[in-house]
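Listed below, chain by chain, are the residues.
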Amino acid sequence: MESPIDIRMALGTDFIGMILLIVMFFGNVWRFRLKTRESRLLIAMLVTCFSCCLSDLLSFATDGGSGPYARELVIFTNTWLYLSNFLCPFSWFMYLKEHFQFEVDGFQQKVLWFTAAALPLMVVINLFCPFIFTVDENAVYSRQFGYWIYISIDYGIVVNSLILYYKNYRQDGSIRFFPIWLYALPILVATLLQSCFYGVSIMAPCFAVAIAGAFSSLQNEHAFRDDLTGLFNRSFLDYVLFLYSQNGRKASGIMVSLCGFEKINENSGHAMGDQALCQTAEILRESVGGWGSVLRYSGDEFIIMVDSQQDSSISNCVERLKMNFDRFNREDGDEFTLAPAIGVWKHSGDSEDVNCFLNGLKAAVKEAKKNRSQA
């Protein structure tokens, strides 16, 4: 089957995709210098996507070419393209898992590693027994029945990432700043169009568009993060209270302030004080779990936003906080102890702005500190 595509079309779309990826790389060099597993996965996403755009361009450029090694070149470029098509969603899935620290259940894990083994194996088998694509004696590429099998399994990884995302959507407020459709939609639409309309070259550059959407979400998320603890910051509080007011949702705030935090800084130095804040953040995350959002308001003050105004839910959270702080002080409190004052205030919706809500929380914490000092 002769491809109806104009090479200039492939050159334009793939070239734009590669330029977009290069811009994203140099615009995020600071992120890559962190040398974390997450930053390495981001680099892997960019490299595999760049490889996908390049191999897509070369496969169309060599299709139907002449010369002693024309057929072998078409086979090589298309084999490279299929492997790149697999690595793009696979690296994305691994990044999504790492970034949000998602737990992958046994079935999803088996699906992931099945695809990781099956797809490269299918490409290798195709070299000896063509069933995904063939290249005739005129060096012209054509799809075979195995193309649809390969694409179905390959984009099962994207579907798997969607399932993983939505299973955890209600359990982590940070996901709200990472809309997965910015990644998945361009890929799924491009795959459908390129599969149904033979010769259309948009799949590879749409990978680049999808990754650009992911990077944009990272920037949005970073604006709502506290650099020291990794918790949300004050800007997030303004945002989430706006959402509560718009949606008419009931919510409560729990403020945690560390009594005697100044003494940790004075006696042990600011590095130890920072460690105390990070340990407090970890205790709050563990205590809240998946039914609330934790943010650092300022200094040693933290706020937990709970999607409920039921007294039983709030009291359970407070008791869990106290229990986890006590456990830390018993087991790990050799260098410093953490003495939390905990105050609760229920958000009144449209009738209460952010400042009124904060004043209510601060008054509740002030009262808790007074009671703690008198105890």
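Located above this text is the structure these notes cover.
Below is a summary of the structure that appears in this document.

Comments concerning the sheet that holds strand β4 (residues 292-298)
Reasoning step 1: Spatially, β4-β5-β3-β6 is the arrangement adopted by the four strands of the open sheet, whose pairing is antiparallel. Strands at the two margins of the open sheet, each flanked by one partner only, are β4 and β6 (339-346). Averaged over all pairs of adjacent strands, the angle between strand axes in this sheet comes to 25°, irrespective of strand direction.
Reasoning step 2: As judged from the six bridges shared by β4 and strand β5 (residues 301-306), these two strands associate in the antiparallel manner. When the bridges of β5 are listed, S298 appears paired with E301.
Reasoning step 3: In this fold helix α12 (residues 270-288) packs onto β3 (252-259), β4 and β5, with an angle of close to 155° to the strand it touches most, β4.

Examining a nonpolar patch on the surface
Reasoning step 1: A contiguous nonpolar surface patch, about 650 Å² in accessible area, is contributed by F15, I19, I22, V23, F25, F26 and F50.
Reasoning step 2: At six residues, helix α1 (residues 7-27) tops the list of elements feeding residues into the nonpolar patch.
Reasoning step 3: Mapped onto the elements, V23 comes out in helix α1.

Some remarks on the pairing of β4
Reasoning step 1: β4 sits mainly inside the fold: six of its seven residues count as buried.
Reasoning step 2: If you look at the hairpin formed by β4 and β5, you'll find two residues sitting between the two strands, and G299 has a positive phi there, around 50°.

Some remarks on the pattern of salt bridges
Reasoning step 1: Applying the stated criterion across every chain yields a total of six salt bridges.
Reasoning step 2: As a salt-bridge pair, R296 and D226 come within 3.4 Å of each other at their nearest N and O atoms. In this pair, R296 sits in strand β4 while D226 sits in the loop between α9 (203-223) and α10 (234-247), placing the two residues 70 residues apart along the sequence. The two residues R296 and D226 agree in class, both being buried.
Reasoning step 3: K346 is the partner of D311 in a salt bridge, and the nearest nitrogen-oxygen pair spans 2.8 Å. One end of the pair, D311, is in helix α13 (residues 311-332); the other, K346, is in strand β6, with 35 residues separating them in the sequence.

Structural notes on unusual backbone geometry
Reasoning step 1: One non-glycine residue with positive phi stands out, namely A139, at about 65°.
Reasoning step 2: With respect to the helices, strands and loops of the structure, A139 is situated in the loop between β1 (133-135) and β2 (141-143).

A closer look at the nonpolar core
Reasoning step 1: In terms of nonpolar packing, the biggest core is built from 61 residues, with L21, Y82, W92, Y150, F207 and I211 touching the most fellow members.
Reasoning step 2: With 13 residues, the top contributor of residues to this core is helix α4 (residues 70-100).
Reasoning step 3: Excluding residues within four positions of it along the chain, Y82 makes contact with V123, I132, F133, Y141, Y147 and Y150.
Reasoning step 4: In this structure, F261, A276, F302 and I304 belong to the second largest nonpolar core, which totals 26 residues.

Concerning the pairing of β5
Reasoning step 1: Burial within β5 is extensive, with six of its six residues counted as buried.
Reasoning step 2: Residue alternation in β5 divides its side chains into two sets, E301, I303 and M305 and F302, I304 and V306, and both sets are buried.
Reasoning step 3: Bridge analysis of β3 against β5 gives six bridges, and the strand direction is antiparallel. Its bridge partner lying in β5, S252 is registered against V306.

A closer look at the packing of aromatic side chains
The relation between two aromatic rings is expressed through the spacing of the ring centres and the mutual angle of the planes.
Reasoning step 1: Applying the stated rule across the entire model yields 15 aromatic pairs.
Reasoning step 2: For the ring pair W92 and Y95, a centre distance of 6.5 Å and an interplane angle of 40° mean the geometry is tilted. On the criterion of helical spacing, the pair formed by W92 and Y95 is a turn pair, its members being three residues apart in helix α4. Accessibility assignment for this pair places W92 and Y95 in one class, buried.
Reasoning step 3: Each member of the aromatic cluster is reached from another via a ring pair, and the members are Y82, F133, Y141, Y147, W148 and Y150.

Focus on a negative patch on the surface
Reasoning step 1: Taken together, the side chains of E331, D332, D334 and E335 make up a negatively charged region of the molecular surface.
Reasoning step 2: As for its placement among the helices and strands, D334 is situated in the loop between α13 and β6.

Thoughts on the packing of helix α3 (residues 37-62) against α4
Reasoning step 1: One can describe the packing of α3 onto α4 by two numbers: an axis separation of 8 Å at closest approach and a directional angle of 155°. Classified by the angle between their axes, α3 and α4 sit roughly antiparallel to one another. Of the two possible hands of crossing, α3 and α4 adopt the one that is left-handed.
Reasoning step 2: Looking at side-chain class alone, the contact of α3 with α4 contains 17 nonpolar, eleven polar and four charged residues.

Section: the packing of α4 against helix α6 (residues 146-154)
Reasoning step 1: Following both chains from N to C, one finds α4 and α6 inclined at 20°, their axes separated by 10 Å at the closest point. The orientation of α4 with respect to α6, classified from their angle, is roughly parallel. Crossing geometry of α4 relative to α6 is assigned as right-handed. Along its contact with α4, which presents Y82, L83, N85, F86 and P89, the element α6 presents Y147, Y150 and D154.

What counts, and at which threshold
Residues numbered from 1 in each chain as written. Predicted model: local features only at pLDDT ≥ 70, side-chain atom pairs only at ≥ 80, totals over all residues. Heavy atoms only, no water. Pairing = 2+ DSSP bridges. Helix = DSSP H or I, 4+ residues; strand = E, 2+ residues; numbered from the N terminus. Axes fitted to C-alpha atoms, helices over the stretch in contact; angles between N-to-C directions. Contact = heavy atoms within 4.5 Å. Patch = residues over 30% accessible without salt bridge, like charges linked within 9 Å, V, L, I, M, F, W, Y side chains within 5 Å. Areas by Shrake-Rupley, 256 points an atom, 1.4 Å probe, with all protein chains shown as cover. Salt bridge = Lys/Arg side-chain N within 4 Å of Asp/Glu carboxyl O. Buried < 20%, exposed > 50% of the residue type's maximum accessible area, 1.4 Å probe, protein only. Core = buried A, V, L, I, M, F, W, Y, C linked by side-chain atoms within 4.5 Å. Phe/Tyr/Trp six-rings, centres within 6.5 Å; stacked < 30°, edge-to-face > 60°. Lys, Arg positive; Asp, Glu negative; His and termini not counted. Charge placed at Lys NZ, Arg CZ, Asp CG, Glu CD. Parallel < 35°, antiparallel > 145°, perpendicular 65-115°, else oblique. Left-handed = near helix turned anticlockwise from the far one by under 90°. Nonpolar A, V, L, I, M, F, W, Y, C, P; charged D, E, K, R; others polar.

By themselves, these are just geometric observations and shouldn't be taken as functional.
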